Amino acid sequence: MRAEVRVLGIVQGVGFRPFIYRLATELKLKGYVRNRGDAGVEIVVEGDEDSVRSFIRRIEADKPPAAQISRLDAKLMEDKGGFEEFKILKSTEERGDAGSIIPPDMSVCENCLKEFFNPSNRRYRYYFITCTDCGPRYTIIERLPYDRPNTTMRGFPLCPQCLKEYTSPEDRRFHAQTVACPTCGPKAFLADRNGVEISCGDPFLEAGKLLAEGFILAIKGIGGFHIATSTVNPEPVRKLRKAKYREQKPFAIMARSLEAARTFAQVSSLEEKLLTSPERPIVLLKKSGEYYLAEEISPGLHNIGVMLPYTGLHYLLFEGARDEPALVMTSGNLPAEPIISDNKEAVEKLSGFVDYFLFHERRIAQPCDDSVVKSVDGKPVFIRRSRGYAPAPIKISDRLKRVAVAYGAEENVTACIAFNGKAFLSQYVGEVEKVEGVAYLERTVRRLLALTGVKPEVLACDLHPRFNSTLLARKHA
Ligand SMILES: [Zn+2]
Ligand SMILES: [Zn+2]
């Protein structure tokens, strides 16, 4: 029997092809799997009837943890023959089935962390350690299908050892597009406030030490820059507050660990689940009676926004910042401007109040701010839905018959593309009052359209005639 299968949903960039390969091989089926240009996956299998039927059943039942299947179409027919084995074929640019999208970024997984902390592993302390189950996705993809040449990892050719892992079906990095190691991956370096590289043994340990000493650093992460400093030393926090013109707005912090967070905040079981989830949002926690961090972080508030490390880079920073229970990690931007994601722009805009920069060489395709979640009556409520969640769709009524694009209003803007009962929300864009903000909104809308592969039929905007988002919608109309 032969089955021709199309799978839609979040099925690229989540280890889906390696999973299909292993499943087909286990069931002794022949054929192929490949990614499509519409973010879906195409599979053809041939073999005995029981195995083919069991294969189709197990696609849904045994799929990788980060995969989401929204539709699976399987056509069953007589064998056509012509296959000698099961193969992962080169991706096709073909499009046609709208509704799939690449996944959000995921925090570094447990398996990768074990290697990260193992001195005999070749990725010991490698800050960009990832596998098919974890790491950045949305922030590195430039075009579909999700293959390394279409991501910002394309500038880093695989070394022989990484290539071996990438091509070995039994390896957990089989077809992992973000695979890299200290030999072939992006490099990181420390720079002074003018962006001039400072040579030092380990830029992360050095950066961590500088943070603990009370300096302010701009740190390039996964979705953009963070501005970081100590949480126990009020002086740099005060300085930062003055520089960012945020007299009242609280700064988010990153705690070294869950245990460290419990020393200054109350953590319920739901909050613990959110903090340690692969999405790793900032969670608004109630300060505990023993709260001892600088009052200037969230002045006059009972709550504090806390997240946990979500990439190897963060763990290394804490190694350097030995006694810091947490670090201020606020979004690297100027007031009312979007998060900065480019090294050069960071120096231009932040050198006025930042003492050092910690850079890395990987470009960021889509900037993405951290998400913010709050527990309300035992349920998680989004304050900001961004990294870890965008651009995964949410279900909406399917009464909407046409493809709609929404542009948001003026503050806290998020773009949205809705069709077929799904709303694909962009990352947090923020304020669009300034030209930088509206340019970011435009880029975001275009990118989301390209990734979903749909043609807009209806544009939705605020009724305010002079909002930049309204003007942008008119321009696109
Ligand atoms: Zn991993
Ligand atoms: Zn390598």
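Please read all numbers here as calculations on a predicted model, not as lab measurements.

On to the coordination of the zinc ion (ligand 1). Each protein donor to the zinc ion (ligand 1) is listed here as C109 (SG), C112 (SG), C131 (SG) and C134 (SG); together their distances run 2.3 Å. One can describe the donor arrangement at the zinc ion (ligand 1) as tetrahedral, given that its four donor atoms subtend angles of 105 to 115° at the metal. Motif for the zinc ion (ligand 1), donor spacing along one chain: C-x2-C-x18-C-x2-C.

Moving on to the coordination of the zinc ion (ligand 2). Donor atoms from the polypeptide that coordinate the zinc ion (ligand 2) comprise C159 (SG), C162 (SG), C181 (SG) and C184 (SG), at 2.3 Å from the metal. One can describe the site at the zinc ion (ligand 2) as tetrahedral: its four donor atoms subtend angles covering 105 to 117° at the metal. When the donor residues of the zinc ion (ligand 2) are listed from N- to C-terminus, their spacing reads C-x2-C-x18-C-x2-C. Residue C162 is found in helix α4 (residues 160-167), and its partner C184 is found in the loop between α4 and β6 (188-192); the two are separated by 22 residues along the sequence.

Structurally, the position occupied by C134 is in the loop between α3 (110-116) and α4. Here C134 falls in the buried class, since its relative accessible area comes to 0%. Note: C-alpha distance between C134 and V108 (26 residues apart in sequence) is 5.3 Å. Discounting chain neighbours no more than four positions away, the residues touching C134 are M106, S107, V108, C109, C112 and T178.

Turning our eyes to something else, we now look at the pairing of strand β8 (residues 217-220). Where burial is concerned, the two faces of β8 agree: the one with L217 and I219 and the one with A218 and K220 are both buried. Sheet topology note: the β8/strand β9 (residues 225-230) ladder contains four bridges and is antiparallel. Looking at β9, one finds that L217 is bridged to A228. Between the antiparallel neighbours β8 and β9 lie four residues, among them G224 with a positive phi of about 155°. Note: β8 against strand β15 (residues 356-360), three bridges, orientation parallel. Bridge pairing links L217 to Y356 in β15.

Moving on, we come to the domain arrangement of the chain. For the chain, the assigned domains read domain 1 (2-88), domain 2 (188-360) and domain 3 (391-476). For domain 2 versus domain 3, the separation of C-alpha centres amounts to 30 Å. The partner domain 3 presents five residues to the six residues of domain 2 that form the contact. Counting each side, the surface lost to burial between domain 2 and domain 3 is near 520 Å², with a carbon and sulfur contribution of 56%.

Now for the state of the cysteines. Inspection of the entire model under this criterion finds zero disulfides. Left unpaired, C368 is separated from the closest cysteine sulfur, that of C416, by 15 Å.

Once that is clear, we can look at the packing of helix α11 (residues 435-452) against helix α12 (residues 468-476). With their axes 10 Å apart at the nearest point, α11 and α12 run at an angle of 45° to one another. In terms of orientation, α11 and α12 fall into the oblique class. Crossing of α11 over α12 shows right-handed handedness. The residues of α12 that touch α11, namely those facing V438, L441, E442, V445 and R446, are N468, S469, L472, K475 and H476. Grouping the constituent residues of the contact of α11 with α12 by class yields four nonpolar, three polar and three charged.

Enumeration over the complete set of coordinates arrives at 37 salt bridges. Where E345 meets K349, a salt bridge forms, and the shortest distance between an N and an O atom there is 3.3 Å. Of this pair, E345 and K349 both sit in helix α10 (residues 343-350), four residues apart, which is roughly one turn of the helix. The class for E345 is partly exposed, based on a relative accessible area of 25%. Across the pair D369 and R384 runs a salt bridge whose closest N-O atoms are separated by 3.9 Å. One end of the pair, D369, is in the loop between β15 and β16 (372-376); the other, R384, is in strand β17 (residues 379-384), with 15 residues separating them in the sequence. The structure contains a network of salt bridges with shared partners spanning R34, R36, D38, E42 and E94.

Calculation rules
Residues numbered from 1 in each chain as written. Chains lettered and ligands numbered in written order. Predicted model: local features only at pLDDT ≥ 70, side-chain atom pairs only at ≥ 80, totals over all residues. Heavy atoms only, no water. Donors = N, O, S within 2.8 Å, 3.2 Å for Na, K, Ca; no water. Tetrahedral: all angles 85-135°; square planar, octahedral: opposite > 155°, others 65-115°. Helix = DSSP H or I, 4+ residues; strand = E, 2+ residues; numbered from the N terminus. Buried < 20%, exposed > 50% of the residue type's maximum accessible area, 1.4 Å probe, protein only. Contact = heavy atoms within 4.5 Å. Pairing = 2+ DSSP bridges. Domains from an automatic or database assignment. Buried area = accessible area lost by both parts, 1.4 Å probe. Disulfide = S-S within 2.5 Å. Axes fitted to C-alpha atoms, helices over the stretch in contact; angles between N-to-C directions. Parallel < 35°, antiparallel > 145°, perpendicular 65-115°, else oblique. Left-handed = near helix turned anticlockwise from the far one by under 90°. Nonpolar A, V, L, I, M, F, W, Y, C, P; charged D, E, K, R; others polar. Salt bridge = Lys/Arg side-chain N within 4 Å of Asp/Glu carboxyl O.

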